[in-house]
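Report on the structure
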There are 2 protein chains.
Amino acid sequence: MDPLRIQGYRLTRQRRLVLETLRDSQEHLDAAAVFERVKAREPRISLATVYRSLALLKETGLVLEDRLGEGHGHFEAAQATPHYHFTCLGCGRVVELQAPRALEAVRELCAAQGLQATAISLHIRGYCIQCQSAETKGEQP
Amino acid sequence: MDPLRIQGYRLTRQRRLVLETLRDSQEHLDAAAVFERVKAREPRISLATVYRSLALLKETGLVLEDRLGEGHGHFEAAQATPHYHFTCLGCGRVVELQAPRALEAVRELCAAQGLQATAISLHIRGYCIQCQSAETKGEQP
DNA sequence: TTACCTGCAAAGGGTTTGCACTTTG
DNA sequence: CAAAGTGCAAACCCTTTGCAGGTAA
C-alpha cells in the first residue's frame, strides 16, 4: 500500500496522520500535542516518529515550523497564502496576520541587495486589545 | 563598588563583561561563545552566570535575543535602529538589514487591528549572491 | 545584616539517534 | 532481498535551578 509518495518518501500511515492532524487543527501545535492527537488514532506511534515525520514534512514544504514561544517549536500545515503571527504577551493568544505590504517591502529590499529570499518569517509580540485594557487596570497602584 | 545600576540591578563585573562582549562583537554570539570570550578575561565565571546575565540584560532591553539558526539562541547588543537578519542557507552567513518600509507596514497593520506591538522580529532565509551562483553551478548534472 | 549575586553541579525539557524489528518495493 | 520506516530507550544539547558561599549596600 502507500501508493502516495512525497518527493520520493513513502507517505506512510504515521506521516499521513501527522499531516492530517496539523491540517485539521487551527492552532499551532507543538510536537507533543501532535503526538498526543495522533496517538489517539494510532496508539503504537512513538514521539520519535512524530519528530521524524515533522522533519520530513518540513523538508517537503508541507509543514512549517515557527518558533513562537521562543522555547520549543510549533508546527502548522503550509497554506496557499503565507501568514504571520502576533503573540500576546498578556494572554498568550496567537493571532494570524497577513501582511502583504510588509512582504512586498521585504521582497524589494532583498532584490535590491541581490539576496534570494526563500522564506520570510515575521513574528510580532505585544498586547491584544483585551490585555491592553487589563494591563492598564491591573497596574494602577 | 559597582556604582552603576541597570533598572535596579547591580551592574557587576560579570554582567558588564557579558554586555561588553556583545557590544564588541559584530557577530551574533550564542551563550557558549559569550561564555568563552568572557572567560578569557574572567576565568572564574560560570556558564550559568552568563545565562543569568543575558536574561537580565534582555529584560533591561540592552540585549536582544534572536533565534537565527532555529536551534539555540543568539544574542546581540541592542542598537539605536532595529535591524533584521538574512541567513544564507548556503554559507550560513548572516546579513543585517534595515527594513523601514516593512516595519512601517507592520505597524500600520497592527494599529488597524488594535494590536499593540512591542517587538517585531523579521527573519529571512535564502541565498546570498555568492551562493546563488555556486548553487547554479553545483546543481548542473 | 540583609539583599543580591555567583559558582558549581544537578536537573530539566525538547529533540535526536543507535539499534533491532517491521514493512515495503 | 535490499531499502525505507518504525518503536524504544538512551543520548544529546541548551538552558534553568537549588544550594552554599560570596559580595555589596
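Refer to the structure presented above.
Just so you know, these numbers come straight off a predicted model, no measurement behind them.

1. A look at the nonpolar core
Within the largest apolar cluster, 38 residues are counted, with the highest numbers of intra-cluster contacts made by Leu122 and Ile124 of chain A together with Leu122 and Ile124 of chain B. Secondary-structure elements contributing two or more residues to this core are strand E6 (84–88), strand E7 (94–97), helix H4 (100–113) and strand E8 (116–127) of chain A together with strand E6 (84–88), strand E7 (94–97), helix H4 (100–113) and strand E8 (116–127) of chain B. The contacts of Ile124 of chain B, once residues within four sequence positions are left out, are Val106, Cys110, Ala117, Ala119 and Ile120 of chain A together with His85, Phe86, Thr87 and Leu97 of chain B.

2. Topic: the environment of Ala119 of chain A
For Ala119 of chain A, the position within the fold is in strand E8. Ignoring any residue separated from it by four or fewer positions in sequence, one finds Ala119 of chain A in contact with His123, Ile124 and Arg125 of chain B.

3. With respect to the packing of helix H1 (residues 13–24) of chain A against helix H2 (residues 31–41) of chain A
All names here are of chain A. Close contact between H1 and H2 brings their axes to 10 Å; oriented N to C, the two are set at 120°. Relative to H2, H1 is oriented oblique. The element H1 and its partner H2 pack so that their crossing is right-handed. Taking contact as the criterion, the partners of Arg13, Leu17, Val18, Glu20, Thr21 and Leu22 in H1 are, on H2, Val34, Arg37, Val38 and Arg41. Each residue belonging to the contact of H1 with H2 can be placed in one class, and the counts come to five nonpolar, one polar and four charged.

4. Quick notes on helix H3 (residues 47–60) of chain B
Residues and elements named next belong to chain B. For H3, built from 14 residues, the straight-helix expectation of 20 Å at 1.5 Å per residue is met to within 8% by its first-to-last C-alpha distance of 20 Å. Val50, Ser53, Leu54, Leu56, Leu57 and Thr60 are the residues of H3 that are buried. Within H3, the buried residues cover an arc of 165° as seen down the axis, which keeps them to one side. Counted as exposed and oriented over 90 degrees from the buried face of H3: Arg52 and Glu59. In this structure, the buried residues of H3 make contact with strand E1 (5–6), strand E2 (9–10), helix H1 (13–24), helix H2 (31–41), strand E4 (63–66) and strand E5 (74–77). Of the residues trailing H3, Gly61 is marked for its positive phi of about 90°.

5. What to know about the protein's contact with DNA strand C
Lining the immediate surroundings of DNA strand C are 21 residues, of which Tyr51 of chain A together with Arg10, Thr12, Thr49 and Arg52 of chain B lie closest. When atoms of DNA strand C within 4 Å of the protein are sorted by moiety, sugar and phosphate together comprise 73%. Between DNA strand C and the protein, one listed contact pairs a phosphate oxygen with a side-chain N or O atom of Arg15 of chain B at 2.9 Å. The dominant element in the surface near DNA strand C, judged by the number of residues it contributes, is helix H3 (residues 47–60) of chain A, at four residues. Looking at the surface near DNA strand C, its residues break down into eight nonpolar, six polar and seven charged.

6. Considering the interface of chain A and chain B
The interface is formed by 34 residues belonging to chain A together with 34 residues belonging to chain B. Surface buried jointly by chain A and chain B totals about 2,900 Å² across both partners, of which 58% is contributed by carbon and sulfur atoms. On the chain A side of the interface with chain B, the three residues burying the most area are Leu115, Gln116 and Arg125 of chain A, jointly 17% of the side's total. For the pair chain A and chain B, the interface holds two salt bridges. Here Glu108 of chain B makes a salt bridge to Arg101 of chain A, at a shortest N to O gap of 3.0 Å. Those elements that place two or more of their residues in the side of chain A that touches chain B are H4, E8 and helix H5 (129–138) of chain A.

7. A look at the sheet that holds strand E3 (residues 29–30) of chain B
All names here are of chain B. Across the sheet, three strands lie side by side as E3-E5-E4; this open sheet has antiparallel pairing. At either margin of the open sheet sits one strand with a lone partner, and together these are E3 and E4. Of the pairings in the sheet, the one linking E3 to E5 comprises two bridges and is antiparallel in character. Counterpart to Leu29 in the pairing with E5 is Phe75.

8. Some thoughts on unusual backbone geometry
Although it is not a glycine, Gln7 of chain A sits at a positive phi angle of roughly 50°. On the secondary structure map, Gln7 of chain A appears in the loop between strand E1 (5–6) and strand E2 (9–10).

Rules behind the numbers
- Residues numbered from 1 in each chain as written.
- Chains lettered and ligands numbered in written order.
- Predicted model: local features only at pLDDT ≥ 70, side-chain atom pairs only at ≥ 80, totals over all residues.
- Heavy atoms only, no water.
- Core = buried A, V, L, I, M, F, W, Y, C linked by side-chain atoms within 4.5 Å.
- Buried < 20%, exposed > 50% of the residue type's maximum accessible area, 1.4 Å probe, protein only.
- Helix = DSSP H or I, 4+ residues; strand = E, 2+ residues; numbered from the N terminus.
- Contact = heavy atoms within 4.5 Å.
- Axes fitted to C-alpha atoms, helices over the stretch in contact; angles between N-to-C directions.
- Parallel < 35°, antiparallel > 145°, perpendicular 65-115°, else oblique.
- Left-handed = near helix turned anticlockwise from the far one by under 90°.
- Nonpolar A, V, L, I, M, F, W, Y, C, P; charged D, E, K, R; others polar.
- Expected span 1.5 Å × (residues − 1).
- Arc of directions from axis to C-beta.
- Near = heavy atom within 4 Å.
- Polar contact = N/O pair within 3.5 Å; in protein donor to acceptor, adjacent residues only side chain to side chain.
- Buried area = accessible area lost by both parts, 1.4 Å probe.
- Salt bridge = Lys/Arg side-chain N within 4 Å of Asp/Glu carboxyl O.
- Pairing = 2+ DSSP bridges.

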